[in-house]
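Fold and geometry: a report
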Amino acid sequence: MSGQRVCVSDFEEDARKILPKAVYDYYRSGADDQNTLADNVAAFKRWYLVPRVLRDVSTVDLSVSVLGQKLSMPVCVASTAMQRMAHPEGETATARACKAMGIGMMLSSWATSTIEEVMSATSASVGDGGGILWMQLYIYRDRDLTLSLVRRAEMAGYKAIFLTVDTPYLGKRLDDVRNRFKMPPHLSMSNFSTASLAFSEGDYGNDSGLSVYVAKAIDPTICWDDITWLKKHTHLPVIVKGILNAEDAVQALSYGVNGILVSNHGARQLDGVPATLDVLEEVVKVVQGRCDVYMDGGVRRGTDVLKALALGAKAVFIGRPVLWGLACQGEQGVIELLELLKEELRLAMALSGCRSISEVNKSLVRRVDFTSRM
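Below: a short report on this structure. (Residues numbered from 1 in each chain as written. Predicted model: local features only at pLDDT ≥ 70, side-chain atom pairs only at ≥ 80, totals over all residues. Heavy atoms only, no water.)

The subject of this paragraph is the overall build of the protein. For the protein, the helix and strand inventory stands at 13 helices and 12 strands. The globule rule puts the C-alpha radius of gyration for 374 residues at 21 Å, and the 20 Å found for the protein is close to it. Each principal axis of the C-alpha distribution contributes one length, and for the protein these read about 65 × 50 × 50 Å. Taking all 374 residues of the protein together, the buried fraction comes to 56%. The contacts in the protein between residues at least 6 apart in sequence include a share of 75% that link residues at least 24 apart. (Helix = DSSP H or I, 4+ residues; strand = E, 2+ residues; numbered from the N terminus. Rg over C-alpha atoms; globule rule 2.2 N^0.38 Å. Buried < 20%, exposed > 50% of the residue type's maximum accessible area, 1.4 Å probe, protein only. Contact = heavy atoms within 4.5 Å.)

Position of Thr122 relative to the elements: it lies in the loop between α5 (115–121) and β6 (132–137). Take Thr122: its relative accessible area is 3%, and that puts it in the buried class. A C-alpha to C-alpha distance of 9.4 Å links Thr122 and Leu133, two positions 11 residues apart in sequence. A distance of 2.8 Å separates a polar atom in the side chain of Thr122 from the backbone oxygen of Met119. (Polar contact = N/O pair within 3.5 Å; in protein donor to acceptor, adjacent residues only side chain to side chain.)

Here we take up the packing of helix α2 (residues 21–28) against helix α13 (residues 320–352). Interaxial distance between α2 and α13 falls to 10 Å at its minimum, and their mutual angle equals 155°. Of the possible angle classes, the one that applies to α2 and α13 is roughly antiparallel. Residues Tyr24, Tyr27 and Arg28 of α2 touch α13, and the partners they reach there are Arg320, Leu323 and Trp324. The residue inventory of the contact of α2 with α13, partitioned by class, reads 4 nonpolar, no polar and 2 charged. (Axes fitted to C-alpha atoms, helices over the stretch in contact; angles between N-to-C directions. Parallel < 35°, antiparallel > 145°, perpendicular 65-115°, else oblique. Nonpolar A, V, L, I, M, F, W, Y, C, P; charged D, E, K, R; others polar.)

With 6 of 6 residues buried, strand β8 (residues 238–243) is to be regarded as a mostly interior element. Alignment of strand β7 (residues 161–164) against β8, held across 4 bridges, turns out to be parallel. Looking at the pairing, Ile161 lines up with Val238 of β8. For the crossover from β8 across helix α10 (residues 246–254) to strand β9 (residues 259–262), the handedness is right-handed. (Pairing = 2+ DSSP bridges. Right-handed = clockwise from strand over helix to strand, strands pointing away.)

Taken as a whole and assessed by the stated rule, the structure comprises 0 disulfides. Cysteine Cys76 is unpaired, with the sulfur of Cys98 as its nearest cysteine sulfur at 8.4 Å. Looking at Cys76, the relative accessible area reads 0%, which means it is buried. (Disulfide = S-S within 2.5 Å.)

For the rest of this paragraph, the subject is the side chain of Asp226. Looking at the element boundaries, Asp226 is found in helix α9 (residues 225–232). Sequence-distant contacts of Asp226, that is, excluding residues within four places in its chain, are made with Ile139, Arg143 and Thr221.

Under the 1.5 Å per step criterion, the end-to-end length of helix α6 (residues 143–156) is 20 Å for 14 residues, consistent within 8% with the ideal 20 Å. Turning to α6, its buried residues number three or more, namely Leu145, Thr146, Leu147, Leu149, Val150, Ala153 and Glu154. Of the surrounding secondary structure, the elements contacted by the buried residues of α6 are α5, β6, β7 and α9. Where α6 begins, the capping side chain belongs to Asp142, and its oxygen is found 3.1 Å from the backbone nitrogen of Asp144. One or two residues past the end of α6 sits Gly157, with phi positive at roughly 100°. (Expected span 1.5 Å × (residues − 1).)

Here we come to the nonpolar core. In a soluble, globular protein the nonpolar side chains are often hidden away together inside. By size, the foremost hydrophobic cluster in this structure holds 116 residues, and its most contacted members are Met82, Trp110, Leu210, Tyr213, Ile260 and Met295. Among residues more than four places away in sequence, those in contact with Trp110 are Ala81, Met82, Tyr138, Tyr140, Met189, Phe192, Leu210, Tyr213, Val214 and Ile218. Core analysis: the next-biggest nonpolar cluster, separate from the first, contains 16 residues, Val64, Cys76, Trp134 and Phe317 among them. (Core = buried A, V, L, I, M, F, W, Y, C linked by side-chain atoms within 4.5 Å.)

Following the criterion strictly, the structure yields 19 salt bridges and no others. Put simply, Arg5 and Glu336 hold a salt bridge, and the shortest N to O gap is 3.4 Å. On the criterion of sequence distance, the pair formed by Arg5 in the segment before α1 (8–18) and Glu336 in helix α13 is long-range, its members being 331 residues apart. A residue is classified by how much of its surface remains accessible, and Glu336, at 24% relative accessible area, is partly exposed. A salt bridge links Arg152 to Glu116; its shortest N-O distance comes to 2.9 Å. Here Arg152 is found in helix α6, whereas its partner Glu116 is found in helix α5, with 36 residues between them in sequence. Here the salt bridges do not stand alone but share partners, grouping Asp39, Arg46, Asp278 and Arg367 into one network. (Salt bridge = Lys/Arg side-chain N within 4 Å of Asp/Glu carboxyl O.)

Laid out in structure tokens, this is it:
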């Protein structure tokens, strides 16, 4: 391993050395030529920060309220599948780290730990309310199965459902095809009881096993009416994950969603779509405060978080960096990664003259093509 890890890329470099190649490739890769994968990160370089000075930043408050829960910072953990491929404790380690840091975690439907196990991992003793957990949901062809995941999340104390709306089919990820990606034999998607649904069948042919799985299991007929259907069957807030334009944001509002996550699925679905930061402002504008807007994709530094907040995100979600921390050192690695981002954000806010999240606004950023009035 390298020495001290001082930025997110240090965690990735160490994780790359630890993980089996097919696992690292699965976590890292984007769709097709991976242009959007690179652009998600590059988009943050298209914005300057324009700091204010002499503001007394001796104390900086990073706390924020997300979906009725107070968080220590506006950084949450996105749903990433099959985390036990990165570390034996997988999602349970990530959930404990999130609780220790006072932030929320979105659990993937494709977790290698059960909905109940992950909540239990955050409850140190009887009477301990557990961590702040949200459930990411795919709509399966089997609607009863889909609703059973929702019911289990409700019973376990999850606080919201994040409905993924950009995956009627799986994007083509070339490394996964080359590697004929499938789950290591000792693991499965733990929330399902049959081998076909748990992604633990032996042979998926010459394709990415996950692509074959999605084609068989996930419902490609998903449409706007399914939001109405889901809201009818749960009392939890429903957030749509995968909006990339104003038109769909307006449509989502008309169907009564409780939040919008601007996301291109970590650039893993359709290559050539915009970076999420580039469409965030468009979505925020049309929403006009009628629901909270979140974003994920390409967040690698505290300054990235600050730019997203300035452009109207209530909070950001991070995916791959958490996997790198998990691979490096389990729960402690995730805590170390989150502490690093928290300190980067605190410093960026202080150096920008922002003493609290409420002081972050559009005046803090300029497009790189901005010309001074001087």
